[in-house]
Amino acid sequence: MKKVLKRLLVLTLVATFALGSAGVFAANDSSIDSTLEKNNLSSSTAEKQVKTVSKKTENVKKIKATGYDIVAPALTYNTTSKPAYRGGNLAVAGYYQIIVRANATGKLYVDGSVSSSSKGSATVYVCSSLDINSGRFTYISPSKTISPGKSGIGAGGLDVVAGRNYNVLVKTNADNVNVNVKSYIYTYTSGRTLPVNKTMLSSGIKGNSNVSPELLYKIKPSKTGTISVSITEYGMSSSAAYVTLYNSKKKAISSKLWYYSKSGAYRAYFGVKANTTYYIKITDARGSYASQYKYGVKYTNTKVTDRNLSKKSKAKTIKRKKSMSTVFVASTGKSVDWYKIKVSKKRKTQIKIYTSGIKSGNLYVTVYKGKKKIGSTKKIPYYANSFTGTITYGTSYGKANKGTYYIKVQQGAKSSGKYSIKYVK
């Protein structure tokens, strides 16, 4: 048994398969990835502490209208540019109203800038309520106070609904302050279509208590093979979240996987069929306070042949010292692949199955000599990188008699992804 030492945790799996007088199919090597619990991510957990929405109410003598409105679009992708600044010179020190129209549902933020030629500063407030006649308003913290020649990013964090108008106030502390603002939204709309190889942005918080929303992303891979899902929590030194794959009917067809950007053991891989609709569910992704609690999700799609060896009569021959790769497609069913190897003389006989491309569910392996089952069915856990089995059949322990042997690899519940099988010796 080989021990695999990992930075986070060490697990060792020992499995022996006894057949009585008929023979043995023994697993003598199982390389196990470390198991990382979310609560052990102390640094990531500390970064994910969420500040609740802070509302403050003020009364002022008079609020003036600026005479212009702005539109707040959703920043859909990490390549989407923020809108242009809009504004101008505010002649008299005081409070000025700007009306913002939300083009999406989500969290509204406002950036501001003050020209270097201005003699005073400006403070930008995103209001949850405003009475222009009484001068009473309530704003969402943080507000941004901006000095001449400087800019302030991310005032607010107000929950808004597409198609409605909202208020931004600008306070100047001197006459003739030239102020410009831009507004934008990080949406928490679920069910948006996510194109392959593009990073879609979402708000990692929702509501006054800043709960992390559970969002679905609709995908339609063009290639049969695998997809890899990655998460970026902006402003954080590492990114971590849960990822689950759903079918077109929004039924879970994978386990709830823990993705962690700093460990190759914690990836979200799934097997998929070309031109089929799936949904990716992301849970507990936020981002940092300083980066407006936003995160990005992306998936890539790699072609892998689905050999579809569902019957023993379709078993694929693997030559000695050769390997073969295939994919189990995610579904509510449990597919089977059949292989066969030919042992030319009595010898030590081994097969090895590589499963680092499968992170959800388990695989099961059974060996047959003709119709006779050799040993018991062996489970390859979802956290295993590989499995090596020695086939013993005959009078000599650890060796297999001459003949043809069949290997059945079965997909477990909610299991999918790429695997390879090798006739080692």
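Bear in mind that the values here come from a model prediction, so they are computed numbers and not experimental data. (Residues numbered from 1 in each chain as written. Predicted model: local features only at pLDDT ≥ 70, side-chain atom pairs only at ≥ 80, totals over all residues. Heavy atoms only, no water.)

> Honestly, the overall build of the chain in this entry has me stumped. Any pointers?
Scanning the chain from terminus to terminus reveals one helix and 29 strands. If you take every contact in the chain between residues at least 6 apart in sequence, the share linking residues at least 24 apart comes to 79%. As displayed, the chain has an accessible area near 19,000 Å², and 46% of this comes from carbon and sulfur atoms. (Helix = DSSP H or I, 4+ residues; strand = E, 2+ residues; numbered from the N terminus. Contact = heavy atoms within 4.5 Å. Areas by Shrake-Rupley, 256 points an atom, 1.4 Å probe, with all protein chains shown as cover.)

> What am I meant to see in unusual backbone geometry here?
Peptide bonds are mostly trans, and most non-glycine residues show a negative phi. Following Ser 141, the chain continues to Pro 142 via a peptide bond in cis, the omega torsion being 15 degrees. Checked against the element boundaries, Pro 142 lands in strand E8 (residues 136-146). Positioned with a positive phi, Asn 176 is a non-glycine residue whose angle comes to about 55 degrees. With a relative accessible area of 44%, Asn 176 lands in the partly exposed category. (Buried < 20%, exposed > 50% of the residue type's maximum accessible area, 1.4 Å probe, protein only.)

> Explanation requested: the pattern of salt bridges in the structure shown.
When the charged atoms of two side chains lie near each other, side chains of opposite charge can form a pair. By the definition in use, this model includes four salt bridges. One salt bridge in this structure joins Asp 111 and Lys 82, with 2.8 Å as the shortest N-O distance. Here the residue Asp 111 occupies a position in strand E6 (residues 106-114), and Lys 82 occupies one in the loop between strand E3 (63-72) and strand E4 (86-90), the gap between them amounting to 29 residues. You can call Asp 111 buried: its relative accessible area is 3%. With a shortest N-O distance of 2.9 Å, Arg 286 and Asp 284 are connected by a salt bridge. Residue Arg 286 is classed as buried on the basis of its relative accessible area of 16%. (Salt bridge = Lys/Arg side-chain N within 4 Å of Asp/Glu carboxyl O.)

> Mind showing me how you'd approach the packing of aromatic side chains here?
To describe a pair of aromatic rings, you give the distance between the ring centres and the angle between the ring planes. What the rule picks out here adds up to 14 aromatic pairs. For the pair Tyr 382 and Tyr 383, a centre-to-centre distance of 5.0 Å together with 80 degrees between the ring planes defines the contact as edge-to-face. Accessibility expressed as a relative area gives 40% for Tyr 382, which makes it partly exposed. Given the relative accessible area of 24%, Tyr 383 is considered partly exposed. Members of the aromatic cluster, each reached through a chain of ring pairs, are Tyr 95, Tyr 125, Phe 137 and Tyr 139. Over the face of the ring belonging to Tyr 242 we find Lys 256, whose NZ or CZ atom lies 4.7 Å from the ring centre. (Phe/Tyr/Trp six-rings, centres within 6.5 Å; stacked < 30°, edge-to-face > 60°. Lys NZ or Arg CZ within 6 Å of the ring centre and 35° of its normal.)

> For this particular structure, what's the right way to read a positive patch on the surface?
A contiguous patch of positive charge, built from Arg 320, Lys 321, Lys 345, Lys 348 and Lys 425, is present on the exposed surface. Residue position: Lys 321 is located in the loop between strand E21 (316-317) and strand E22 (323-328). (Patch = residues over 30% accessible without salt bridge, like charges linked within 9 Å, V, L, I, M, F, W, Y side chains within 5 Å. Lys, Arg positive; Asp, Glu negative; His and termini not counted. Charge placed at Lys NZ, Arg CZ, Asp CG, Glu CD.)

> Teacher, can you tell me more about the sheet that holds strand E20 (residues 294-303) here?
Within a beta sheet, neighbouring strands are joined by backbone hydrogen bonds and run either parallel or antiparallel to one another. Across the sheet, which stays open at both edges, the four strands sit in the order E13-E20-E15-E18 with antiparallel pairing between neighbours. On the outer flanks of this sheet lie strand E13 (200-203) and strand E18 (268-272), each paired with one strand and no other. Within this sheet the neighbouring strands show an average axis-to-axis angle of 25 degrees, counted without direction. Sheet topology note: the strand E15 (residues 225-233)/E18 ladder contains five bridges and is antiparallel. Each bridged residue has a counterpart across the sheet, and for Val 229 the counterpart in E18 is Ala 268. (Pairing = 2+ DSSP bridges. Axes fitted to C-alpha atoms, helices over the stretch in contact; angles between N-to-C directions.)

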